[in-house]
Number of protein chains: 2
Amino acid sequence: MSTPPRLLVNGQPGDSLPALDRGALYGDGLFETILFVGADAPLWPRHMARLRLGAARLGFALPDEAQLLAAARTAGAELPRAAVRLSVSRGVGERGYAPPRAAQPNWVVSAAPAPVLPADWYARGIRVRCCALRLAAQPALAGIKHANRLEQVLARAEWDDAQIAEGLLRDRAGYVVSATAANLFAVVGGLLVTPALDECGVAGVARAEVLARRDVVVRRLSWEEVMQAEEIFLTSSLRGIVPLRQVDDSVFAPGAAARGLQREWRALGFGDAHEG
Amino acid sequence: MSTPPRLLVNGQPGDSLPALDRGALYGDGLFETILFVGADAPLWPRHMARLRLGAARLGFALPDEAQLLAAARTAGAELPRAAVRLSVSRGVGERGYAPPRAAQPNWVVSAAPAPVLPADWYARGIRVRCCALRLAAQPALAGIKHANRLEQVLARAEWDDAQIAEGLLRDRAGYVVSATAANLFAVVGGLLVTPALDECGVAGVARAEVLARRDVVVRRLSWEEVMQAEEIFLTSSLRGIVPLRQVDDSVFAPGAAARGLQREWRALGFGDAHEG
């Protein structure tokens, strides 16, 4: 038997895109990173909901969702836990920024073994840093997972220390928005709080799952509040619920909110994303 | 004799890029749009200076400039006036936002006949509108011509009327920044003024050429000042110096500043970018 392809372009085995695709020209596209456990992606409907929201915002049509799911399963087959990346661009168009009326979206599905993180990260928490880069406020693009990600690239380039698992991002007013590739929750005065994402940041599907399971206050969250939080954790579709134990030099401890959600995450069908 | 290729990838005839190139994944790249008249691009050194600035900001190495120039000339050969697009991405890397240490940039050169605009646009001016989309403030990315261009795509999608040649963009505070694909100059109280681009906008090479030729005040420029300007014109490497005759319902007339620069533009070697 042949190995199934881990890379599909427009649903077919392939490894290239047109050089003048608007994804490459302008980042004119969307993407999702989806955890599959075997053929199942428990958060698939949330990924599709966000993708539809993004496509409506950018104004292009998506491929059929059944096709996307079939391609994702093909790419991830034989991987017990697969990180499937799905990207959809507006396609090739005439020159210039004006979106072509009849572009044909190009879409790519790729799969890799899902990251396996140290068990310690889930039990004791991770160390993170505060990034210097501030996210710009752009309500027209906030929340969706579009392919204009230079802010995240520059923020992630700020450190090169394997002991630092993530970086926290603030907006220009100093409010905490998220990590570079995860959302943030904090327990403040006994209440679970997560930053509002109407001006910047990506509204993660794991964040959406937490919002559906808990009473959460969604509002601006200052750096000082985060520093004084009773507990802080990150959420990510690939990594699940990850508590923080250190932000720069400030020490935190995993708390009951993260522990409870970690248990529910396993029950959702994700199993354990960690070693041992 | 065979027709020279109008599309080159990494200096060779080709029409595709790796599907997982970071240009397509994150808009992690830079581009230039360069007017060639025969084998000459009078603003080539300015394009290269901006490209180097962008590469330093994003933290990746550029291909050799002599190679870029040779490829641009090959792509544009047989076109008397060519619009050459040169894009350079960081290349393929491991998953995630962290820039790979040893990525190999991928670069694409494409050529098309330069746009020919109605002579009337240069003589009497163009009609433009004011866009609803406001540019986000991101000093880390301001000025350079990176490939995160969804703001420009969304702004350009606001209208579909061939009589409207461009759209003016403001920042969130209401200051005028530029057009969607050109820079803006206004004569205010007898002084030539152009918006500061330290928080958003692209610092165009045609703008740089004007700054080198004239005394220009570079500062924040309010919408009200633009509306009361004695004259307004746009600058673009492809289109040159284009006066405005109407902004929404407000009427303007081409003035001496634009006329003088139009003459110098022809003398630079660009000839006439218009019909007749």
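Since we're looking at a predicted model, the values are computed, not measured. (Residues numbered from 1 in each chain as written. Chains lettered and ligands numbered in written order. Predicted model: local features only at pLDDT ≥ 70, side-chain atom pairs only at ≥ 80, totals over all residues. Heavy atoms only, no water.)

A.B. asks: Whenever I open this one, the overall build of chain A confuses me. Can you help?
C.D. replies: For chain A, the count of helices and strands is 8 helices and 15 strands. Computed over C-alpha atoms, the radius of gyration of chain A comes to 19 Å, within 12% of the 19 Å expected from 2.2 N^0.38 for 276 residues, which places it in the range of a compact globule. Overall, the C-alpha framework of chain A stretches about 50 × 45 × 35 Å when taken along its three principal axes. Across the 276 residues of chain A, 57% fall into the buried class. For chain A, long-range pairs separated by at least 24 residues make up 71% of all intrachain contacts whose partners lie at least 6 apart in sequence. Total accessible area computed for chain A in this model is approximately 10,800 Å², and 52% of it derives from carbon and sulfur atoms. (Helix = DSSP H or I, 4+ residues; strand = E, 2+ residues; numbered from the N terminus. Rg over C-alpha atoms; globule rule 2.2 N^0.38 Å. Buried < 20%, exposed > 50% of the residue type's maximum accessible area, 1.4 Å probe, protein only. Contact = heavy atoms within 4.5 Å. Areas by Shrake-Rupley, 256 points an atom, 1.4 Å probe, with all protein chains shown as cover.)

A.B. asks: I would appreciate a short explanation of the interface of chain A and chain B in the present structure.
C.D. replies: When the parts come together, some accessible area is lost, and that loss is often what is quoted as the size of the interface. Taken together, the 56 residues of chain A in the interface contact 56 residues of chain B. For the pair chain A and chain B, the summed buried surface comes to about 4,400 Å²; carbon and sulfur atoms form 62% of the total. Considering only the surface of chain A that becomes buried against chain B, R95, Y97 and L150 of chain A emerge as the three largest contributors, covering 19% of it. Between the two partners, chain A and chain B, sit 4 salt bridges. A salt bridge links R101 of chain B to D160 of chain A, with the shortest nitrogen-to-oxygen separation between them at 3.1 Å. On the surface where chain A and chain B come into contact, there are 21 residue pairs in polar contact (both at pLDDT 80 or more). Those elements giving two or more residues to the side of chain A that touches chain B turn out to be β1 (7–9), β3 (16–18), α1 (22–26), α2 (44–58), β5 (81–89), β6 (106–113), β7 (126–135) and α5 (150–156) of chain A. If one sorts the elements of the side of chain A that touches chain B by residue count, α5 of chain A sits on top with 6 residues. Residues of the side of chain A that touches chain B, tallied by class, amount to 31 nonpolar, 9 polar and 16 charged. Looking at chain direction, β3 of chain A and strand β3 (residues 16–18) of chain B are connected through 3 bridges and run antiparallel. Bridge pairing in β3 of chain B links S16 of chain A to P18 of chain B. (Buried area = accessible area lost by both parts, 1.4 Å probe. Salt bridge = Lys/Arg side-chain N within 4 Å of Asp/Glu carboxyl O. Polar contact = N/O pair within 3.5 Å; in protein donor to acceptor, adjacent residues only side chain to side chain. Nonpolar A, V, L, I, M, F, W, Y, C, P; charged D, E, K, R; others polar. Pairing = 2+ DSSP bridges.)

A.B. asks: What exactly am I supposed to notice about the relation of the copies chain A and chain B here?
C.D. replies: Copy one and copy two of the chain differ by a rotation about an axis and a translation along that axis. Expressed as a screw operation, the relation of chain A to chain B combines 0.0 Å of axial shift with a rotation of 180°, fitting to an RMSD of 0.0 Å. Here the two chains are linked by the operation of a two-fold rotation axis. Here 100% of the interface residues in chain A have copies in chain B that are interface residues too; the copies meet face to matching face. (Least-squares fit on C-alpha atoms with pLDDT ≥ 70 in both.)

A.B. asks: What exactly am I supposed to notice about the pattern of salt bridges here?
C.D. replies: Side-chain pairing between opposite charges can occur once the charged atoms of the two side chains come close. Residue and element names in this part refer to chain A. Enumeration over the complete set of coordinates arrives at 30 salt bridges over all chains. Between E32 and R50 there is a salt bridge, and its shortest N-O distance comes to 2.6 Å. Placement of the pair is E32 in strand β4 (residues 29–37) and R50 in helix α2, with a sequence separation of 18 residues. The shortest N-O distance in the salt bridge between E225 and R219 comes to 2.9 Å.

A.B. asks: Any chance you could explain the sheet that holds strand β5 (residues 81–89) of chain B here in plain terms?
C.D. replies: Hydrogen bonding along the main chain pairs the strands of a sheet, whether they run parallel or antiparallel. Residues and elements named next belong to chain B. Strands sit in the order β2-β1-β6-β5-β4 across an open sheet of 5 strands; the sheet is antiparallel. At either margin of the open sheet sits one strand with a lone partner, and together these are β2 (12–13) and β4 (29–37). Bridge count for strand β1 (residues 7–9) against strand β6 (residues 106–113) is 3 bridges, and the pairing is antiparallel. Of the residues in β6, the one forming a bridge with L7 is S110. Docked against the sheet, helix α3 (residues 65–76) engages β1, β4, β5 and β6, running at close to 35° with respect to β6. (Axes fitted to C-alpha atoms, helices over the stretch in contact; angles between N-to-C directions.)

Any functional reading would require information beyond the geometric quantities listed.
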